[in-house]
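Coordinates in review
Given next are the chains, with one letter for each unit.
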Amino acid sequence: MSADNDDLHQFLTSALQAELDKRCLNRQMRALRHAGFPTKKRFEDLIMDNLPQDGREAIPALKALAFLKERRNVILIGNSGTGKIHMAIAVGIRACEENYRVVFRSAAGLINEMVEARNENRLSIYIKQFKKIDLLIIDELGYVTFDLTAAELLFQLLATRYETMSTIITSNLGFSDWVKVFHDRTLTAAILDRITHHAMILNMNGESFRESSET
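For the structure given in this document, a descriptive report is provided here. (Residues numbered from 1 in each chain as written. Predicted model: local features only at pLDDT ≥ 70, side-chain atom pairs only at ≥ 80, totals over all residues. Heavy atoms only, no water.)

1. A look at the sheet that holds strand β3 (residues 135-141)
Formally: A pair of strands is treated as paired once DSSP finds two or more bridges between them. Counting from the N terminus, the helices are the DSSP runs of H or I reaching at least four residues and the strands are the DSSP runs of E reaching at least two. Orientation is described by lines fitted to C-alpha atoms, with helices fitted over the stretch in contact, and by angles between N-to-C directions that extend from 0 to 180 degrees. Here, residues are in contact when the closest pair of their heavy atoms is within 4.5 Å.
Spatially, the five strands line up as an open sheet ordered β2-β3-β4-β1-β5, and their pairing is parallel. Of all the strands in the sheet, just β2 (102-106) and β5 (200-203) have a single pairing partner and so form its edges. Along the sheet, successive strands turn relative to each other by an average axial angle of 10 degrees, direction set aside. In the sheet, β3 pairs with strand β4 (residues 166-171) via five bridges, with the strands oriented parallel. Of the residues in β4, the one forming a bridge with Leu-136 is Thr-167. The strands that helix α5 (residues 107-119) touches are β2 and β3; relative to β2, the one it contacts most, it runs at about 100 degrees. Packed onto the sheet, helix α7 (residues 148-161) meets β3 and β4 and runs at close to 150 degrees relative to β3.

The following block contains the structure:
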């Protein structure tokens, strides 16, 4: 009888664990879909020797998601093809797998969504939703310039998340050139002040993966 009880207990434990594993996997899949990644890239796919030094040295901390626990931002700055987007997506996927809420947007796409929300009188609701996002990834800041209204909207969003949630930004421009994107020195300084405070800033300038693979 005792053996039967042990077998039943083991069966129920295994069934419960299988159900928990299934729910965890489903939750992760929903998080990945909600994040809006343009493609799936993981740390395991990175060729470490091709990364700039800052990128290589930051990988352990990024994998551990230490910056998320500390509510720090991460800013990757450098020319195209050096692994910025790959690293940002890899971090985002790792965060989803650890049950963090993640959203990935291009800078232009994010601004377009905010302008649309403002035009439909739901901007406050839109921004409030981002207060619940543990990690916001803004890609390609610097490829498209914004007018003053768009820049103010971005500042409003970043100010809402300041020191409460983490943001990753990838950019092809050094900080001194960000005024070319926002066209207003005072506003540019305010945006930089919000996102660089206590942030991990990685110099990702280096040889382009794509260019080297084509030669």
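That was the structure; now back to the text.
2. Brief notes about the packing of helix α6 (residues 123-130) against α7
Let me state the cut-off plainly: Convention used here: angles under 35 degrees read as roughly parallel, angles over 145 as roughly antiparallel, angles from 65 to 115 as roughly perpendicular, and any remaining angle as oblique. By convention, the crossing between two helices is left-handed when the near helix turns anticlockwise from the far helix through less than a right angle, and right-handed when the turn is clockwise. Following the grouping adopted for this structure description, the nonpolar residues are Ala, Val, Leu, Ile, Met, Phe, Trp, Tyr, Cys and Pro, the charged ones are Asp, Glu, Lys and Arg, and the polar ones are all others, Gly among them.
One way to put it is that α6 packs onto α7 with a least axis distance of 9 Å and a crossing angle of 40 degrees. With respect to α7, the axis of α6 lies oblique. The crossing of α6 and α7 is right-handed. Contacts between α6 and α7 involve Leu-123, Ile-127 and Phe-130 on the former and, on the latter, Leu-153, Gln-156, Leu-157, Thr-160 and Arg-161. For the contact of α6 with α7, the residue count by class is five nonpolar, two polar and one charged.

3. Focus on the packing of α5 against α6
Two numbers describe how α5 lies on α6: the axes approach to 7 Å, and their chain directions differ by 140 degrees. Relative to α6, α5 is oriented oblique. Contacts between α5 and α6 involve Leu-110, Glu-113, Met-114, Ala-117 and Arg-118 on the former and, on the latter, Leu-123, Tyr-126, Ile-127 and Phe-130. Classifying every residue of the contact of α5 with α6 gives seven nonpolar, no polar and two charged.

Just geometry here; none of it tells us what the structure is for.
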